[in-house]
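Observations on chain architecture
The lines below spell out each chain.
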Amino acid sequence: MKQGRLIVISGPSGTGKGSIIKKVMERWPAAEFSISMTTRGKREGEEHGVHYYFATREEFEATIEDGGFLEWADVFGNYYGTPKAPVEKRLAEGADIILDIDIQGAMNVRKAMPGAVLIFILPPSIKELRRRLEHRGTDAQDVIEKRLAKALTEIGTAREYDYVVVNDDLDVAAEQVLSIVQASHLEVDETIEETIRRYEEE
Ligand code: 5GP
């Protein structure tokens, strides 16, 4: 069985990563979302086991100790981490796994799994990003300012990624991410030897 692809999606908060991922998953049934563990509080409309596994700092630190994370990071003073076992299991079973994680996490995934495909989502502009964060209404003004300042420093790290997608129009951005996922399946990988042998034996 061919391994699935590990797709890592990052970008400043408010760039619409979540909406893009949702659309890609509707169009690509082989894709599954990796549910992270976090110590941040639940936002309205979020469900445990759907958006995140909400945990205490003690639970999170115990999982770090157990080596249970593929990667983890401290983002805005809260822990976020990708549970390792389910990702490895589903990749081995051929599923594509999508991670929505920050830049530190993406760089650590790159080290742990060099075959991962890293996609950076950009907002059309900083002005538009501010408008979206304010419109979302989930954060206090000081948090929005913090997120915007972080966005500015984060955008410079786009150069570390394999692909950059600008989320101006959601449908177009989702279509572009889907194309990247599809193309990643056509990359030459370790299965090429078997493919060549099959042709040679014919
Ligand atoms: P939010 O609190 O808005 O849901 O997420 C804040 C940031 O944490 C986002 O940039 C998101 O991509 C990132 N994040 C979510 N889950 C993980 C994770 O498991 N690992 C890392 N490194 N970052 C994560």
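Notes on the structure in this doc start here.

**Some remarks on the site of the ligand**
Taken together, the neighbourhood of the ligand is formed by 16 residues, with S36, R40, Y52, Y80 and D100 sitting nearest. Computed on the free molecule, the ligand has an accessible area of 510 Å², of which 93% lies beneath the protein chains in the complex. Here the ligand occupies the largest pocket. For the shell around the ligand, the secondary-structure elements that each account for two or more residues are strand 5 (69-75) and strand 6 (78-83). Taken together, the residues of the shell around the ligand sort by class into five nonpolar, four polar and seven charged.

**Side note on the pattern of salt bridges**
For the structure on display, the rule yields 18 salt bridges. Between D139 and R147 there is a salt bridge whose closest N-O contact spans 3.0 Å. No difference in accessibility class separates D139 from R147, as the two residues are buried. Sharing partners across several salt bridges, the network here consists of K23, R27, D171 and E175.

So, how was this worked out
Residues numbered from 1 in each chain as written. Predicted model: local features only at pLDDT ≥ 70, side-chain atom pairs only at ≥ 80, totals over all residues. Heavy atoms only, no water. Near = heavy atom within 4 Å. Areas by Shrake-Rupley, 256 points an atom, 1.4 Å probe, with all protein chains shown as cover. 1 Å grid on protein atoms, 1.4 Å probe; cavity = no way out; pocket = protein on both sides within 12 Å on 5 of 7 lines; lining within 4 Å. Sits in = over half its atoms within 2 Å of the grid points. Helix = DSSP H or I, 4+ residues; strand = E, 2+ residues; numbered from the N terminus. Nonpolar A, V, L, I, M, F, W, Y, C, P; charged D, E, K, R; others polar. Salt bridge = Lys/Arg side-chain N within 4 Å of Asp/Glu carboxyl O. Buried < 20%, exposed > 50% of the residue type's maximum accessible area, 1.4 Å probe, protein only.

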